[in-house]
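An overview of the molecular structure
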Amino acid sequence: MGHRLSKIYTRTGDDGTTGLGDGSRVAKDSARVAAYGTVDEANSCIGLVLASELPDDVRALLTRVQHQMFDLGGELCIPGHAAIFQADIERLESELDAFNEPLPALKDFILPGGGEAAARCHIARTVVRRAERETVTLARHDAVRPEAVRYLNRLSDLLFVLARVLARASGHGEVLWNHERR
């Protein structure tokens, strides 16, 4: 690692700009800052899931994902940098398949809920979806490696499946949308 932050405030952003990882400065409301900022927000939401009681395999998976999300934020913060690779996406797919296989097939939509850990997982899922949308927006203006978008897409799917797993493990069960209630 290069230099460490010993002073947290620098005042360099008081003009509405921020520094990217390559040293260039951009507006704080740029598509790039929005994308990596939302990746950071999603990572914080995953941290909130990790603050719950979780099965060991889910905890280990989400801890690894947090490191990859930090890597992805770096990739988005440094134009031209590569930190997420096809192997990372394939590993998410494999884990998604393994957690999904024992679950019953979906016949109804699921509402966010199903206990505290599952509800937190649903929040993380929706923030990851927003990060994906903002990364797609960035890709319309700047070069973004397709692995970044694919990783976020698979991660949101994985978080949906993990929310189902956690709802069942908690004893609360999944909250099904009752479309016939009206």
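Here the structure is a predicted model, which is why all the values come from computation and not from measurement.

So, on to the overall build of the protein. Broken down by element type, the protein carries 5 helices and 4 strands. The linear arrangement of helices and strands in the protein, starting from the amino end, is β-β-α-α-α-β-α-α-β. Taking the principal axes of the C-alpha coordinates as reference, the protein spans close to 50 × 40 × 30 Å. The proportion of buried residues among the 182 residues of the protein is 40%. A sequence separation of at least 24 residues applies to 72% of the contacts in the protein between residues at least 6 apart. Total accessible area on the protein stands at roughly 10,400 Å², and carbon and sulfur atoms take up 53% of it.

Next up on the list: the side chain of Ser52. Its place among the elements puts Ser52 in the loop between α1 (31–50) and α2 (56–77). Of note is the side chain of Ser52, whose polar atom sits 3.1 Å from the side chain of Arg120. Excluding residues within four positions of it along the chain, Ser52 makes contact with Arg59, Ala117 and Arg120.

On to the state of the cysteines. One pass over the full model with this rule turns up 0 disulfides. Free cysteine: Cys45, not disulfide-bonded; nearest cysteine sulfur from Cys121 at 10 Å. A relative accessible area of 13% places Cys45 in the buried class. Cys77 takes part in no disulfide bond, and the closest cysteine sulfur to it belongs to Cys45, at a distance of 20 Å.

The next point concerns the pattern of salt bridges. Following the criterion strictly, the structure yields 13 salt bridges and no others. A salt bridge links Arg129 to Glu132; the nearest nitrogen and oxygen atoms lie 3.0 Å apart. With Arg129 and Glu132 both in helix α4 (residues 116–141), this residue pair falls 3 residues apart, about one helical turn. A salt bridge links Glu147 to Arg150, with the shortest nitrogen-to-oxygen separation between them at 4.0 Å. In this pair, Glu147 and Arg150 are both assigned in helix α5 (residues 146–170), 3 residues apart and thus about one turn of the helix distant. Through salt bridges with shared partners, a single ionic network connects Glu75, Arg145, Glu147 and Arg150.

Turning our eyes to something else, we now look at the nonpolar core. Core analysis: the biggest nonpolar cluster contains 46 residues, and Leu62, Met69, Leu72, Leu76, Tyr151, Leu155 and Leu162 have the highest contact counts within it. Every element with two or more residues in this core is listed here: α1, α2, α3 (86–100), α4 and α5. Among residues more than four places away in sequence, those in contact with Tyr151 are Val65, Gln68, Met69, Leu72, Ile84, Asp88, Ile89 and Leu92.

Below, the discussion takes up the packing of α1 against α4. Here α1 crosses α4 at 165 degrees, and the two axes come no closer than 8 Å. In terms of orientation, α1 lies roughly antiparallel with respect to α4. By crossing handedness, the relation of α1 to α4 is classed as left-handed. Here the contact of α1 with α4 is composed, by residue class, of 17 nonpolar, 4 polar and 5 charged.

Structurally, Arg32 can be placed in helix α1. Setting aside residues no more than four positions away along its own chain, Arg32 makes contact with Leu20, Leu76, Pro79, Leu138, Asp142 and Ala143.

Our focus in this paragraph is α3. With 15 residues, α3 extends 21 Å between its outermost C-alpha atoms, agreeing within 8% with the 21 Å of an ideal straight helix rising 1.5 Å per residue. Among the residues of α3, Asp88, Ile89, Leu92, Glu95, Leu96 and Phe99 are the ones counted as buried. Seen along its axis, α3 keeps its buried residues to an arc of 125 degrees; they face one direction. Turned more than 90 degrees off the buried face of α3, the exposed positions are Ala87, Asp97 and Ala98.

Thresholds, definitions, all that
- Residues numbered from 1 in each chain as written.
- Predicted model: local features only at pLDDT ≥ 70, side-chain atom pairs only at ≥ 80, totals over all residues.
- Heavy atoms only, no water.
- Helix = DSSP H or I, 4+ residues; strand = E, 2+ residues; numbered from the N terminus.
- Buried < 20%, exposed > 50% of the residue type's maximum accessible area, 1.4 Å probe, protein only.
- Contact = heavy atoms within 4.5 Å.
- Areas by Shrake-Rupley, 256 points an atom, 1.4 Å probe, with all protein chains shown as cover.
- Polar contact = N/O pair within 3.5 Å; in protein donor to acceptor, adjacent residues only side chain to side chain.
- Disulfide = S-S within 2.5 Å.
- Salt bridge = Lys/Arg side-chain N within 4 Å of Asp/Glu carboxyl O.
- Core = buried A, V, L, I, M, F, W, Y, C linked by side-chain atoms within 4.5 Å.
- Axes fitted to C-alpha atoms, helices over the stretch in contact; angles between N-to-C directions.
- Parallel < 35°, antiparallel > 145°, perpendicular 65-115°, else oblique.
- Left-handed = near helix turned anticlockwise from the far one by under 90°.
- Nonpolar A, V, L, I, M, F, W, Y, C, P; charged D, E, K, R; others polar.
- Expected span 1.5 Å × (residues − 1).
- Arc of directions from axis to C-beta.

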